[in-house]
Amino acid sequence: MKIEITERAAEKIREKMINKNGFVKLKYDTEGTGCVMNGVPVLWYVDEAEEGDVSIETNLFPILVEKPKMVFYDKELKIDYSEGSKMFQLKSPGQTINGRMGFKNQSSLT
């Protein structure tokens, strides 16, 4: 899996980071969807990796991804930020996977 982070998205992510020791995680969130197949990709800021997370090197900084959920993503991904919607976007060469992707702070340091 290859993930590219645009400079615009990186700037917004850095603004939301509580400390420099945490990690950005691409989470396949299934809470409230009723089915593991109906997840929605979101960005989380976490203190540490969980069991089953893998670190994916990007063009700017590593991102954690849940290994079992990698099947739901395309091989090439881009994380961008839309000033119009004030939301992150997850795209692949063939589609917009989530055009209104949130960023959730899961850090215990808040």
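We now turn to the structure provided with this report. (Residues numbered from 1 in each chain as written. Predicted model: local features only at pLDDT ≥ 70, side-chain atom pairs only at ≥ 80, totals over all residues. Heavy atoms only, no water.)

1. Section: the overall build of the protein
Regarding its fold elements, the protein presents one helix and nine strands. If you list the helices and strands of the protein from N to C, you get β-α-β-β-β-β-β-β-β-β. For 110 residues, the compact-globule estimate of 2.2 N^0.38 gives 13 Å, and the protein sits close to it at 13 Å. Its C-alpha atoms give the protein principal-axis dimensions of about 30 × 30 × 25 Å. Relative to all contacts within the protein whose residues are 6 or more apart in sequence, the contacts with residues 24 or more apart total 55%. Surface exposure of the protein reaches about 6400 Å², of which carbon and sulfur atoms provide 47%. Positive and negative side-chain charges of the protein, numbering 16 and 17 respectively, have mean locations separated by a distance of 4 Å. (Helix = DSSP H or I, 4+ residues; strand = E, 2+ residues; numbered from the N terminus. Rg over C-alpha atoms; globule rule 2.2 N^0.38 Å. Contact = heavy atoms within 4.5 Å. Areas by Shrake-Rupley, 256 points an atom, 1.4 Å probe, with all protein chains shown as cover. Lys, Arg positive; Asp, Glu negative; His and termini not counted. Charge placed at Lys NZ, Arg CZ, Asp CG, Glu CD.)

2. A word on the sheet that holds strand β2 (residues 23–29)
Spatially, five strands are ordered β4-β5-β2-β3-β9 in an open sheet, and the strand pairing comes out mixed. Lying at the two open borders of the sheet, with one neighbouring strand each, are β4 (53–56) and β9 (103–105). Across the sheet, the mean angle from the axis of one strand to that of its neighbour is 30°, orientation sign disregarded. (Pairing = 2+ DSSP bridges. Axes fitted to C-alpha atoms, helices over the stretch in contact; angles between N-to-C directions.)

3. Re helix α1 (residues 7–16)
Where α1 is concerned, the buried positions are A9, A10, K12 and I13. The arc that holds the buried residues of α1, viewed along the axis, is 165°, so those residues lie on one side. α1 presents E7 and E15 as exposed residues on the side facing more than 90 degrees away from its buried surface. (Buried < 20%, exposed > 50% of the residue type's maximum accessible area, 1.4 Å probe, protein only. Arc of directions from axis to C-beta.)

4. Regarding the packing of aromatic side chains
Summed over all chains, the structure comprises four aromatic pairs. Taking 6.1 Å as the distance between ring centres and 90° as the angle between the ring planes, the aromatic pair formed by Y28 and Y73 counts as edge-to-face. Placement of the pair is Y28 in strand β2 and Y73 in the loop between β5 (63–66) and β6 (76–82), with a sequence separation of 45 residues. Y73 carries the same exposure label as Y28, and that label is buried. Ring centres 5.8 Å apart and planes at 35° place the aromatic pair F88 and F103 in the tilted group. (Phe/Tyr/Trp six-rings, centres within 6.5 Å; stacked < 30°, edge-to-face > 60°.)

5. Focus on the side chain of S82
Within the secondary structure layout, S82 lies in strand β6. Among the residues examined, S82 registers a relative accessible area of 17% and is labelled buried. In this structure the side chain of S82 is engaged in a polar contact, spanning 3.2 Å, whose partner is the backbone nitrogen of S85. Dropping the residues within four chain positions of it, S82 is found in contact with M87 and Q89. (Polar contact = N/O pair within 3.5 Å; in protein donor to acceptor, adjacent residues only side chain to side chain.)

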